[in-house]
Amino acid sequence: PPPGFADSSSPRPSSGGFASRRGDRPLARYVRDVTFGDGCTIAPGEQFTKVWRMRNAGSTAWPTPLTLVHISGDLLGAAPVCQVPATVQAGSEVDIAVNMVAPADEGRYVGYWKLSGPDGVKFGHRIWVEVQVNADAAQQPPPEADLPDVVPAGQG
């Protein structure tokens with residue numbers, strides 16, 4: 001995703017949320033696409049794993065359990081809520097993976113995602129997957145990567 005998607009500036013709850021002071025709230029920054037960069041071409045029905053690298057830009061560990069939540073656009077066969085199975089300390093980076101399947105119909109597809117804490121409050125940069133589905137796409141495996149575990153919420 002391009003720069004300019006700032007952390008949410010909406011107020012956080014003073015009780016029941018994961019932070020009562022602005023400095024304590026979780027902060028997440030998009031670092032880069034690890035697999036399937038914006039606009040890559042894939043074949044209809046192709047299974048793929050989208051991986052984003054995110055950085056904990058806050059001063060505390062991200063809350064657990066942490067999930068990545070589909071917020072709009074195309075779901076691309078993914079679970080709408082995926083657990084992030086790692087504890088992410090302040091200043092650390094983590095690769096977040098979601099298993100997806102390209103639609104049968106050709107065209108451009110975009111799905112938007114955001115991190116969410118245990119109380120359901122979303123935070124950090126909005127991230128997305130953007131693919132172009134084309135029947136002429138060569139069935140090539142993505143570049144070799146050490147992919148993190150993907151665990152749909154409620155199944156881990």
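As a reminder, the structure under discussion sits directly above these lines.
Not measured: the values here are computed from a predicted model. (Residues numbered from 1 in each chain as written. Predicted model: local features only at pLDDT ≥ 70, side-chain atom pairs only at ≥ 80, totals over all residues. Heavy atoms only, no water.)

K.L.:
What is the right way to read the pairing of strand β8 (residues 122-133) from this model?
P.N.:
Note on strand geometry: in a regular strand, side chains alternate between the two faces of the sheet. Of all twelve residues in β8, nine are buried; the element is thus mostly enclosed. Here strand β2 (residues 40-42) runs beside β8; their pairing, made up of three bridges, is parallel. Within β8, the position partnered with Cys40 by the bridge is Val131. Pairing geometry for strand β7 (residues 107-116) and β8, over nine bridges, is antiparallel. The residue of β8 that forms the bridge with Ser116 is Lys122. With antiparallel pairing between neighbouring strands as the criterion, β7 and β8 make up a hairpin whose turn holds five residues, including Gly120 at a positive phi of roughly 85°. (Buried < 20%, exposed > 50% of the residue type's maximum accessible area, 1.4 Å probe, protein only. Helix = DSSP H or I, 4+ residues; strand = E, 2+ residues; numbered from the N terminus. Pairing = 2+ DSSP bridges.)

K.L.:
Looking at this model, I keep getting lost on the pattern of salt bridges. Mind explaining?
P.N.:
Opposite charge on two side chains lets them pair, provided their charged atoms get close. In this structure the tally under the stated criterion is four salt bridges. Across the pair Glu93 and Arg55 runs a salt bridge whose closest N-O atoms are separated by 2.4 Å. With Glu93 in strand β6 (residues 93-101) and Arg55 in strand β3 (residues 47-56), this residue pair connects regions lying 38 residues apart in the sequence. Note on Arg55: relative accessible area 35%, which makes it partly exposed. Between Arg108 and Glu130 there is a salt bridge, and its shortest N-O distance comes to 3.0 Å. (Salt bridge = Lys/Arg side-chain N within 4 Å of Asp/Glu carboxyl O.)

K.L.:
When you look at the sheet that holds strand β1 (residues 28-33) in this model, what are you seeing that I'm missing?
P.N.:
Strand pairing in a sheet takes place through backbone hydrogen bonds and is either antiparallel or parallel in direction. One open sheet holds the three strands; their spatial order is β1-β3-β6, and the pairing between them is antiparallel. Whereas interior strands pair on both sides, the edge strands pair on one side only; in this sheet they are β1 and β6. Across the sheet, the mean angle from the axis of one strand to that of its neighbour is 35°, orientation sign disregarded. As paired elements, β3 and β6 share nine bridges and run antiparallel to each other. Bridge pairing links Phe48 to Met100 in β6. (Axes fitted to C-alpha atoms, helices over the stretch in contact; angles between N-to-C directions.)

K.L.:
How should the packing of aromatic side chains be read in this particular structure?
P.N.:
The way to describe two aromatic rings as a pair is by their centre distance and the angle between their planes. According to the stated counting rule, one finds four aromatic pairs in the structure shown. When the ring of Trp52 is compared with that of Trp113, the centres are 6.4 Å apart and the planes differ by 50°; the resulting orientation is tilted. Of this pair, Trp52 sits in strand β3 while Trp113 sits in strand β7, and the two are 61 residues apart along the sequence. For the pair Trp52 and Trp113, one class covers both residues: buried. (Phe/Tyr/Trp six-rings, centres within 6.5 Å; stacked < 30°, edge-to-face > 60°.)

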